[in-house]
Amino acid sequence: MDALDRLAEPGLDLLARVDTLLATGAPEGHRLWPLLRRMQVLPGAAVREFLDLHPAPLTGAGHAVRRLIRGYDDACALLADPVAWSGPAASAYDEARAALLRHLDEGPESLVGRLESTAGYADALADWVEGSRLALARALADVLRSAEAVTVHAVTRPGGDTGPAAALAAAEIATRVLGVLGVAYDGAETLLRQWAPSLAETTWRERTTGVVAANSTLRIG
């Protein structure tokens, strides 16, 4: 359980009240409007969705992908072993073996290169989730102890006055929360742009030129 989990219950309670007050609209000209247009969600709903994001599954995925690389390393070691062949069949095999080794583990466009990039992307996403959750927790802590929170709690009780002051308080809280989430989503989009070239599907980069007939003569030794 991290700081965001600990603040989730009081934070969601406050933001549910904020969402209720904002359901009829934010004050005209308030800086919340651009955030609402961009995010297309009220702060309470946005935070509920974000609470489901945790770094541990992404970190685990990175470890799992790296374990797969060991299998490729073993296959490459077998392919790298020299064979005591000679003749056309041996030459064709050697050509095919070299091409397969390049495809498996030579450079960032190889299968191993793509696996390493995938693991790195998972690690980067895990760091993004951890940092974003901490930033959101700090924002919730700030709004929970703010004067606007006191106003929102007061006006959403039975008989409370949901006038302009209430709407303004709700809009201020929503701006702080959605602002942090907007920065977090910008970070996720930046990560995707940075890693996308390294995550593209790899293709067979070189085809062998010879075909070995079934009845090719092999000379051993």
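Scroll up for the structure.
Below is a short write-up of the structure. Here the structure is a predicted model, which means the values were calculated and not measured. (Residues numbered from 1 in each chain as written. Predicted model: local features only at pLDDT ≥ 70, side-chain atom pairs only at ≥ 80, totals over all residues. Heavy atoms only, no water.)

### Looking at the overall build of the protein
Helix and strand counts for the protein stand at eight helices and two strands. Listing the helices and strands of the protein from first to last along the sequence gives α-α-α-α-β-α-α-α-α-β. Counting every position in the protein, which comprises 221 residues, the buried fraction comes to 35%. In the protein, of all internal contacts separated by at least 6 residues, the share reaching a separation of at least 24 is 84%. Split by element, the accessible area of the protein, about 12700 Å² in all, is 57% carbon and sulfur. (Helix = DSSP H or I, 4+ residues; strand = E, 2+ residues; numbered from the N terminus. Buried < 20%, exposed > 50% of the residue type's maximum accessible area, 1.4 Å probe, protein only. Contact = heavy atoms within 4.5 Å. Areas by Shrake-Rupley, 256 points an atom, 1.4 Å probe, with all protein chains shown as cover.)

### A look at the packing of aromatic side chains
Within the structure shown, the criterion is met by three aromatic pairs. Aromatic pair Phe-50 and Trp-128: ring centres 6.1 Å apart, planes at 70°, arrangement edge-to-face. One end of the pair, Phe-50, is in helix α3 (residues 43-50); the other, Trp-128, is in helix α6 (residues 111-144), with 78 residues separating them in the sequence. Ring centres of Tyr-121 and Trp-195 lie 6.1 Å apart, and the angle between their planes is 45°; on these two criteria the pair is classed as tilted. Residue Tyr-121 is found in helix α6, and its partner Trp-195 is found in helix α8 (residues 164-199); the two are separated by 74 residues along the sequence. An aromatic cluster is defined as three or more aromatic residues linked by ring pairs; in this entry it consists of Phe-50, Trp-128 and Tyr-185. (Phe/Tyr/Trp six-rings, centres within 6.5 Å; stacked < 30°, edge-to-face > 60°.)

### Digging into helix α2 (residues 32-39)
Listed in full, the buried residues belonging to α2 are Leu-32, Leu-35, Leu-36 and Met-39. The buried residues of α2 occupy an angular sector of 100° when the element is viewed end-on, so they sit on one face. For α2, the elements touching its buried residues are α1 (3-22) and α8. (Arc of directions from axis to C-beta.)

### Some points on a negative patch on the surface
On the surface, Asp-73, Asp-74, Asp-105 and Glu-116 cluster together into a negatively charged patch. Inspection of the secondary structure puts Asp-105 in helix α5 (residues 88-105). Overall, Asp-105 belongs to the partly exposed group, its relative accessible area being 37%. (Patch = residues over 30% accessible without salt bridge, like charges linked within 9 Å, V, L, I, M, F, W, Y side chains within 5 Å. Salt bridge = Lys/Arg side-chain N within 4 Å of Asp/Glu carboxyl O. Lys, Arg positive; Asp, Glu negative; His and termini not counted. Charge placed at Lys NZ, Arg CZ, Asp CG, Glu CD.)

By themselves, these are just geometric observations and shouldn't be taken as functional.
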